[in-house]
Amino acid sequence: MRKGRFAGKYYKFISQSGFSFAIIIAYSNEGKSIQLITKDCSYEIKDCDSIVIKEEKVFEFHIRQKNLNLQGTITIDKLNPLKGNVMGPFEYIPFMECKHSIYSMYHGLSGWINIGDKKISFQNGYGYIEGDAGKNFPKKYIWYNSVLPGKTVTIAIAHIPFAFFSFTGVLCFVKTEQEELSMCTWNGVKIRKTADGIVELTKRKYKIHIELDKLSGHALKAPVQGDMKRIIKENLVVPSKYTISYDGIIVLETTDPYSSCEWVDEG
C-alpha cells in the first residue's frame, strides 16, 4: 500500500435470528488492521491472523482476546454485485479523496459461530460486501445499508472536495431479485432531505424515503491521509423503514430492524 493511502473491505453478516456483526479489513500506513462491530460493541482485533478468508468465500474465525472470544466458520453463497460501475464516470477521475466499491449487494450465508457462551447459526443467513480506497473518508457523510434476503438498499451521501471546489455526491442503489435501480449524482439524483433521521432522494419519477430510529453508534477507526486515526461511529443495528415510489405509487415498502447507518456531520 502506497504511503498516504488506504484500502479496505466491509463484510456484514446477519443470521436468520437477527444476530449481526461486521468486520472491516483495512490496509493503511500502519499495515493491516481488522475491526469488528456488533450491535452492542466495537472491537479492534489484535491478531490479524485470527480471521482467515479462503477464496473470498469461507471465513474462519479464531479470535481469542481479552474482550472477545469468537470461533467458527461462515461460508458465503453466490455474490450478487451490481450490473454497472458503482462510481459511474467518477471512477475514471484521478486523485479523488475516496472511491467506493460494492462487491455484493446481498448473498446467502451458511455455517455457525460461537461468540462468548452463545452458539449462533448462520444457516440461511445473508450478507453484504463493500469497499473503499483513497486517502481519507469524507469530512461529512451519511452511509445507510439495509440488506434482507433478496433485496438491498445502500446509500452514500458525501462531501467531495474536487479541484478548487466541493460538492455533495450521492450513490444510491436498490437491488432485488428482479430489478436494479441506481439514483446517483451522475444520473440525475436530487437530495430532498437529510435531517432528523430522514433521508429522501428523488430521480425523475422515482423517490426513496428512509426513516431511521435514534442514532448513537460505536467507535471505529477511519483513515486520514492513510493513517487510521480518525474516530467515527457506526450503528450496525438500527431499525429503519424505507419506501420507494414511482410517480407517486409505492413499488417497495420495507421495515428493517437490522439496518446499519453512519451519520457523520463533521470530520
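A short tour of the structure in this document, coming up. (Residues numbered from 1 in each chain as written. Predicted model: local features only at pLDDT ≥ 70, side-chain atom pairs only at ≥ 80, totals over all residues. Heavy atoms only, no water.)

## As for the side chain of Arg230
Note that Arg230 resides in strand β19 (residues 227-246). For Arg230, which is buried and forms no salt bridge, the nearest opposite charge comes from Glu97, at a distance of 7.0 Å. A polar contact is formed between the side chain of Arg230 and the backbone oxygen of Pro138, at a distance of 2.9 Å. A distance of 3.1 Å separates a polar side-chain atom of Arg230 from the backbone oxygen of Lys139. (Helix = DSSP H or I, 4+ residues; strand = E, 2+ residues; numbered from the N terminus. Buried < 20%, exposed > 50% of the residue type's maximum accessible area, 1.4 Å probe, protein only. Lys, Arg positive; Asp, Glu negative; His and termini not counted. Salt bridge = Lys/Arg side-chain N within 4 Å of Asp/Glu carboxyl O. Polar contact = N/O pair within 3.5 Å; in protein donor to acceptor, adjacent residues only side chain to side chain.)

## Overview of the pairing of β19
Judged from the 7 bridges that link them, strand β17 (residues 206-212) and β19 form a sheet pairing that is antiparallel. Of the residues in β19, the one forming a bridge with Tyr206 is Tyr246. Examined bridge by bridge, strand β18 (residues 218-224) and β19 share 7 bridges and lie antiparallel to one another. Bridge pairing in β19 places Val224 opposite Asp227. Taken together, β18 and the strand that follows it, β19, pair antiparallel across an intervening segment of 2 residues, in which Gln225 is found at a positive phi of about 50°. Sheet analysis places β19 next to strand β20 (residues 249-264), joined by 9 bridges and oriented antiparallel. Across the sheet, Val238 pairs through a bridge with Ser259, a residue of β20. (Pairing = 2+ DSSP bridges.)

## Looking at unusual backbone geometry
Positioned with a positive phi, Glu56 is a non-glycine residue whose angle comes to about 60°. Residue placement: Glu56 occurs in the loop between β5 (51-54) and β6 (58-65). By relative accessible area, which is 36% here, Glu56 ends up partly exposed. Even without being glycine, Asp247 reaches a positive phi, approximately 55°.

## What to know about the environment of Glu179
Residue position: Glu179 is located in the loop between β13 (165-176) and β14 (180-182). Overall, the relative accessible area of 57% leaves Glu179 in the exposed class.

## Digging into the packing of aromatic side chains
Evaluated as defined, the whole model comprises 14 aromatic pairs. Judged by centre distance (5.3 Å) and plane angle (70°), the ring pair of Tyr10 and Trp143 falls under edge-to-face. Residue Tyr10 is located in strand β1 (residues 6-14), and its partner Trp143 is located in strand β11 (residues 141-148); the two are separated by 133 residues in the primary sequence. The exposure classification of Tyr10 matches that of Trp143, with both residues buried. By way of ring pairs, the aromatic residues Tyr11, Phe13, Phe19, Phe21, Phe59, Phe61 and Phe122 are connected into one cluster. Above the plane of the ring of Tyr103 lies Lys9, whose end atom (NZ or CZ) is 4.1 Å from the centre. A cation over an aromatic ring shows up here: Lys119 above the ring of Trp112, its NZ or CZ 4.8 Å from the ring centre. (Phe/Tyr/Trp six-rings, centres within 6.5 Å; stacked < 30°, edge-to-face > 60°. Lys NZ or Arg CZ within 6 Å of the ring centre and 35° of its normal.)

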